[in-house]
2 protein chains.
Amino acid sequence: MAISFAEENYLKIIFRLSESTKEDISTNAIAELTQNKAASVTDMLRKMSEKGWVNYQKYQGVRLSSLGEKLALDIVRKHRLWEVFLVKKMGFNWDEVHEIAEQLEHIESEELIDKLDAFLDYPRSDPHGDPIPNKDGILPQLGYVSLANMPIGKAGNLVGVAQDSAVFLQLLTKLNLRLGATLEIIEINAFDLSVSLRIDNNPPVLISHEVAKNVLVKR
Amino acid sequence: MAISFAEENYLKIIFRLSESTKEDISTNAIAELTQNKAASVTDMLRKMSEKGWVNYQKYQGVRLSSLGEKLALDIVRKHRLWEVFLVKKMGFNWDEVHEIAEQLEHIESEELIDKLDAFLDYPRSDPHGDPIPNKDGILPQLGYVSLANMPIGKAGNLVGVAQDSAVFLQLLTKLNLRLGATLEIIEINAFDLSVSLRIDNNPPVLISHEVAKNVLVKR
DNA sequence: TAATATTTTTAGGTAAGTCTAAAAATTATT
DNA sequence: AATAATTTTTAGACTTACCTAAAAATATTA
Ligand SMILES: [Mn+2]
Ligand SMILES: [Mn+2]
Ligand SMILES: [Mn+2]
Ligand SMILES: [Mn+2]
């Protein structure tokens, strides 16, 4: 039996939640991202647990098993490679590709993905700066930090984003925050943690903490 | 409500059956191609009829409505464009692409398909010689006939095939029957309708009527 | 044209994946 | 530690897309 779209989406979302915490992942967190109700998530977790993709204890949250993580990395690999294809070969903007990649990531053909990888010249990161796992599920170490954690006065380059919703990416574009831009934090306002930021030697502009958190920088 | 994979497959299959006959399409014919049981087909025909995609009378077979035909042509367009992509850009052989295109044809993004069309330089036919509908569902007239209907002694070029199963395409490759090859019928054997065929000025070889029927030739 | 064979539909079920409402477990607050 | 709030699970339903078995309609043959 092949893995279903629903199952692949759950795997991918649990993986994403696991990246930002070492705690067990809660039913509600998954429900929010899958856009399902908590009851449906419980159902699916039970099934995935039976298949050996997750370690799940009632009321105690869930973690991917090593098999589940391998499966998730494979989906992430496909998603990110397709995003590169859409931007580099099809001429989409970086804020237009996520939804289409959500569909393309479910195409089942190892041979196709390997050929696509070669066709794109083995990219290490997707249009949002996210690392692309290789065939064996190894993520390249790109070595970046959140802009919100950068020390004041040190310059770095924008290498990625921590989310790829269209509204966020469009805001970045409006703010002139493009992949590769040189960023220097001038000041952090204690009141709302908003950041005064110099972009490419232009006069400083103000961005919210929310934006800063989601911008990734390499020094 | 978006159209489901199952619905898209039914539309495509009814369309394919309609191409070769002006009769109404039978439940059993659809069942065979969808690999479902006749009872399931009846179920789906009722649903599709309610949606206005087909004209269906119990026991009398089914035809696509003009809306249904438009939807089917859109799926066929996607299928064939993806096949071109897989062969021309990804380096697959013509006998390897059908199954992958069966998946890719369900990707929903008009913008993607238009960009893909441009990226491929607006091909008029797919790797099997089948015409690719344009955005408006118009099929280009490629003007070919079945090799089985070619007169003896007249030469023509192989421009397509009437089916794209992998076994058939592999046999063609083995027989040296490639897209573009020059073909001349030397003799038709009355006993089994097998055809003695000259390919590109080589010594004649024998092919079955079954093969000849499925090879398309332009004079 | 009557009997027989074939095709198609109906009736009743199943599995996947979702939902709502209610119950149970866990966590936070007094 | 008892109570309240929150989270999670269970119970029971629904929809889609299938299935098998039996009934009904149509087509074929004698
Ligand atoms: Mn994405
Ligand atoms: Mn991305
Ligand atoms: Mn095909
Ligand atoms: Mn084809």
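Cut-off values and rules
- Residues numbered from 1 in each chain as written.
- Chains lettered and ligands numbered in written order.
- Predicted model: local features only at pLDDT ≥ 70, side-chain atom pairs only at ≥ 80, totals over all residues.
- Heavy atoms only, no water.
- Donors = N, O, S within 2.8 Å, 3.2 Å for Na, K, Ca; no water.
- Buried < 20%, exposed > 50% of the residue type's maximum accessible area, 1.4 Å probe, protein only.
- Near = heavy atom within 4 Å.
- Polar contact = N/O pair within 3.5 Å; in protein donor to acceptor, adjacent residues only side chain to side chain.
- Helix = DSSP H or I, 4+ residues; strand = E, 2+ residues; numbered from the N terminus.
- Lys, Arg positive; Asp, Glu negative; His and termini not counted.
- Salt bridge = Lys/Arg side-chain N within 4 Å of Asp/Glu carboxyl O.
- Contact = heavy atoms within 4.5 Å.
- Least-squares fit on C-alpha atoms with pLDDT ≥ 70 in both.
- Arc of directions from axis to C-beta.
- Axes fitted to C-alpha atoms, helices over the stretch in contact; angles between N-to-C directions.
- Parallel < 35°, antiparallel > 145°, perpendicular 65-115°, else oblique.
- Left-handed = near helix turned anticlockwise from the far one by under 90°.
- Nonpolar A, V, L, I, M, F, W, Y, C, P; charged D, E, K, R; others polar.
- Patch = residues over 30% accessible without salt bridge, like charges linked within 9 Å, V, L, I, M, F, W, Y side chains within 5 Å.
- Areas by Shrake-Rupley, 256 points an atom, 1.4 Å probe, with all protein chains shown as cover.
- Charge placed at Lys NZ, Arg CZ, Asp CG, Glu CD.
- Domains from an automatic or database assignment.
- Pairing = 2+ DSSP bridges.
- Core = buried A, V, L, I, M, F, W, Y, C linked by side-chain atoms within 4.5 Å.
- Buried area = accessible area lost by both parts, 1.4 Å probe.

Visitor: Mind showing me how you'd approach the coordination of the manganese ion (ligand 4) here?
Guide: Each angle at a metal carrying four tetrahedral donors should ideally be 109.5 degrees, and each at a metal carrying six octahedral donors should ideally be 90 or 180 degrees. Summarising the metal site, the manganese ion (ligand 4) is bound by the protein donors Glu83 of chain B (OE), Asp126 of chain B (OD) and His128 of chain B (ND1), whose distances to it range over 2.2 to 2.4 Å. Judged by its relative accessible area of 3%, Asp126 of chain B is buried.

Visitor: Please explain the protein's contact with DNA strand C as it appears in this structure.
Guide: In the vicinity of DNA strand C there are 22 residues, among which Ser4 and Ser40 of chain A together with Thr42, Tyr56 and Lys58 of chain B approach most closely. For DNA strand C, the fraction of atoms within 4 Å of the protein that belong to sugar or phosphate moieties is 76%. The separation between a phosphate oxygen of DNA strand C and a polar side-chain atom of Ser40 of chain A is 2.6 Å. Between Tyr59 of chain B and DNA strand C, the recorded distance is 2.9 Å, taken from a backbone N or O atom to a phosphate oxygen. When residues in the surface near DNA strand C are grouped by element, the largest group, five residues, is from helix α3 (residues 38-50) of chain A.

Visitor: What's the story with the side chain of Lys78 of chain B in this structure? I'm lost.
Guide: Residues and elements named next belong to chain B. Summarising the element assignment, Lys78 is placed in helix α4 (residues 66-89). In this structure Lys78 is buried but unpaired, with Asp74 as the nearest side chain of opposite charge at 4.3 Å. Setting aside residues up to four positions removed in sequence, Lys78 forms contacts with Glu8, Glu105, His106, Ile107, Glu108 and Ile113.

Visitor: What's the story with the relation of the copies chain B and chain A in this structure? I'm lost.
Guide: What connects the two chain copies is a rotation about an axis and a shift along it. Each copy of the sequence occupies a distinct position, and chain B is placed on chain A by a rotation of 180° and an axial shift of 0.1 Å, giving an RMSD of 0.2 Å. Seen this way, the second copy is the image of the first under a two-fold rotation axis. For chain B, the smallest separation between a C-alpha atom and the rotation axis is recorded for Leu104 of chain B, amounting to 3.9 Å. By residue overlap, the copies meet face to face through one surface: 95% of the interface positions of chain B are interface positions in chain A.

Visitor: What am I meant to see in the coordination of the manganese ion (ligand 1) here?
Guide: All names here are of chain A. Taken together, the protein ligands of the manganese ion (ligand 1) are His79 (NE2), Glu83 (OE), His98 (ND1) and Asp164 (OD), with distances of 2.0 to 2.4 Å. All donors of the manganese ion (ligand 1) belong to a single chain; written as a sequence motif, their spacing is H-x3-E-x14-H-x65-D. For the pair the manganese ion (ligand 1) and the manganese ion (ligand 2), the metal-to-metal distance amounts to 3.4 Å, and Glu83 bridges them. With Glu83 in helix α4 (residues 66-89) and His98 in helix α5 (residues 98-104), this residue pair connects regions lying 15 residues apart in the sequence. As far as the burial class goes, Glu83 and His98 line up, both buried.

Visitor: Just to check I follow, could you spell out helix α6 (residues 110-119) of chain A for this structure?
Guide: Every buried residue of α6 of chain A is accounted for by Leu112, Ile113, Leu116 and Asp117 of chain A. Along the long axis of α6 of chain A, the arc covered by the buried residues comes to 135°, so they all point the same way. In this structure, the buried side of α6 of chain A is in contact with α4 of chain A together with α4 and α5 (98-104) of chain B.

Visitor: Got a minute to help me understand the packing of α4 of chain A against α6 of chain A in this structure?
Guide: Helix-helix packing is described using two parameters, namely the angle between the two axes and the distance between the axes. Residues and elements named next belong to chain A. The contact between α4 and α6 brings their axes to 10 Å, and the two run at 45°. The orientation of α4 with respect to α6, classified from their angle, is oblique. Where α4 crosses over α6, the handedness of that crossing is left-handed. For the pair α4 and α6, the contacting residues are Arg77, Lys78, Leu81, Trp82, Phe85 and Lys89 in the first and Leu112, Ile113, Asp114, Leu116, Asp117 and Phe119 in the second. Residues of the contact of α4 with α6, tallied by class, amount to seven nonpolar, no polar and five charged.

Visitor: Any chance you could explain a positive patch on the surface here in plain terms?
Guide: Together, Lys88 and Lys89 of chain A together with Lys88 and Lys89 of chain B line one region of the surface with positive charge. For the positive patch, the secondary structure elements donating two or more residues are α4 of chain A together with α4 of chain B.

Visitor: Sorry, what's going on with the domain arrangement of chain A here?
Guide: Frequently, the measure chosen for interface size is the accessible area removed from exposure when the parts meet. You can read the domains of chain A as domain 1 (5-64) and domain 2 (145-218). Distance from the C-alpha centre of domain 1 of chain A to the C-alpha centre of domain 2 of chain A: 31 Å.

Visitor: Just checking my understanding: could you explain the sheet that holds strand β4 (residues 155-161) of chain B for this structure?
Guide: Strand pairing in a sheet relies on backbone hydrogen bonds, with the paired strands running either antiparallel or parallel. Residues and elements named next belong to chain B. Read across the sheet, six strands follow the order β3-β8-β4-β5-β6-β7 without closing on themselves; strand pairing throughout is antiparallel. Edge positions in the sheet fall to β3 (145-146) and β7 (205-207), since each of these pairs with one other strand and no more. As defined by bridge partners, β4 adjoins strand β8 (residues 215-218) across four bridges and the pair is classed as antiparallel. Directly across from Gly160, in β8, lies its bridge partner Leu216.

Visitor: Help me out: how do you make sense of the nonpolar core in this one?
Guide: Formed by 32 residues in total, the largest nonpolar core has its most connected members in Leu86 and Leu104 of chain A together with Leu86 and Leu112 of chain B. Taken together, the elements giving at least two residues each to this core come down to α4, α5 and α6 of chain A together with α4, α5 and α6 (110-119) of chain B.

Visitor: I'm lost on the protein's contact with DNA strand D in this one. Help?
Guide: Near DNA strand D, the surroundings consist of 22 residues, among which Thr42, Tyr56 and Lys58 of chain A together with Ser4 and Ser40 of chain B are the closest. The side chain of Ser40 of chain B places a nitrogen or oxygen atom 2.4 Å from a phosphate oxygen of DNA strand D. Of all the secondary structure elements, the ones that give two or more residues to the surface near DNA strand D are α2 (27-34) and α3 of chain A together with α1 (5-19) and α3 (38-50) of chain B. Looking at the surface near DNA strand D element by element, the count peaks at five residues for α3 of chain B.

Visitor: Any chance you could explain the interface of chain B and chain A here in plain terms?
Guide: Taken together, the 21 residues of chain B in the interface contact 20 residues of chain A. Both sides together, the interface formed by chain B and chain A hides about 1,700 Å², and carbon and sulfur atoms give 75% of it. The largest per-residue losses of area from chain B upon contact with chain A belong to Met90, Gln103 and Lys115 of chain B, which jointly make up 29% of the total buried on that side. Scanning the region where chain B abuts chain A turns up zero salt bridges.

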